[in-house]
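Geometric and topological summary
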Amino acid sequence: MTDRYAVFGNPIAHSKSPQIHQAFAEQTAQDLIYEVLLAPVDAFIPSLTAFLADQGRGCNITVPFKQDAFEAAEKLTSRAQRAGAVNTLWQAEDGTLWGDTTDGVGLVRDLTDNQQVNITGKRVLILGAGGAVRGVIEPILEQQPAAVIIANRTISKAETLVGIFQDLSTEDGCLTACGFSDLDGQQFDLVINGTAASLAGDLPPLPDGLLADQAVCYDMMYSQDITIFNRWALEHGAEKAVDGLGMLVEQAAESFRIWRGIKPDTTSVLADLRAQLKA
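Small disclaimer: the values here were computed from a predicted structure and weren't measured. (Residues numbered from 1 in each chain as written. Predicted model: local features only at pLDDT ≥ 70, side-chain atom pairs only at ≥ 80, totals over all residues. Heavy atoms only, no water.)

1. Description of the pattern of salt bridges
- For the structure shown, the criterion picks out 11 salt bridges.
- Asp3 is the salt-bridge partner of Arg57, the closest N and O atoms lying 3.0 Å from each other. Taken together, the residues Arg57 in strand 3 (residues 56–61) and Asp3 in strand 1 (residues 3–9) connect sequence positions 54 residues apart.
- Glu254 is the salt-bridge partner of Arg257, the closest N and O atoms lying 2.8 Å from each other. With Arg257 and Glu254 both in helix 10 (residues 245–260) and three residues apart, this pair spans about one turn of that helix.
- A residue is classified by how much of its surface remains accessible, and Arg257, at 34% relative accessible area, is partly exposed.
- Among the residues examined, Glu254 registers a relative accessible area of 2% and is labelled buried. (Salt bridge = Lys/Arg side-chain N within 4 Å of Asp/Glu carboxyl O. Helix = DSSP H or I, 4+ residues; strand = E, 2+ residues; numbered from the N terminus. Buried < 20%, exposed > 50% of the residue type's maximum accessible area, 1.4 Å probe, protein only.)

2. Things to note about helix 11 (residues 267–278)
- Here helix 11 contains 12 residues, and its C-alpha end-to-end distance of 17 Å stays within 8% of the 16 Å for a straight helix at 1.5 Å per residue.
- By the burial criterion, the buried members of helix 11 are Val269, Leu270, Leu273 and Leu277. Mapping the buried residues of helix 11 onto a view down its axis gives an arc of 95°, with all of them on the same face. Exposed side of helix 11, more than 90 degrees from the buried face: Thr267 and Lys278 are the residues found there.
- Next to the buried residues of helix 11 lie helix 1 (17–28), helix 5 (103–114) and helix 10. (Expected span 1.5 Å × (residues − 1). Arc of directions from axis to C-beta. Contact = heavy atoms within 4.5 Å.)

Shown next as structure tokens:
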């Protein structure tokens, strides 16, 4: 019997997940279908329950339901527990509904595998303190950077994240929080934009001189044209500016591995999506 998977969101028609997962399925000879499911903003749980009751094996969750999925899961992986959000659900053989987050793994794999960026021993700046950032801190810390600074307009939100993840720091002071105005005079090897500002054509107030020699900038968002953050990065001397399309593909590959027990190759899938985006 063909196994059934889906992505839930609202809106969701734009999702590239079906294309990605169908490509993974063909590559690995897995018998599955992957659907797009639009859930009402106030009725995610009924929609999820109906899907699982109708032979649904697992699903991805996107905006605005990641918190709802976190609460719906009966068991959580440790990284999902810390992230406070879930983007991957599946039913175990005993019927238990498990939740995980694969966004951070996707980001790190895109950086380290696809972009050949070494995070170990580097100074890392993360812009923003929302759910997107919370989901990537643990995998970044696992790479043992020299320092991770979370900068946000509201410093208290960044400080909250530091408190949640502080015990994962390899050294005292490795993970700290600050406001954007505190970035003057500091330099970083890797700057990750975890705000949604670039999609609206906006930027956090970033000082000149922020980027160290051979710095890499990464925008977790992506679009057909270069994002405003990545344009700023190249204009301010970044050696490389990368958008979040690879993160999208890599987080999907991790979900696929969880569901099917096999990790697909992402190279050709990412290349196809990139070509379509530029067409």
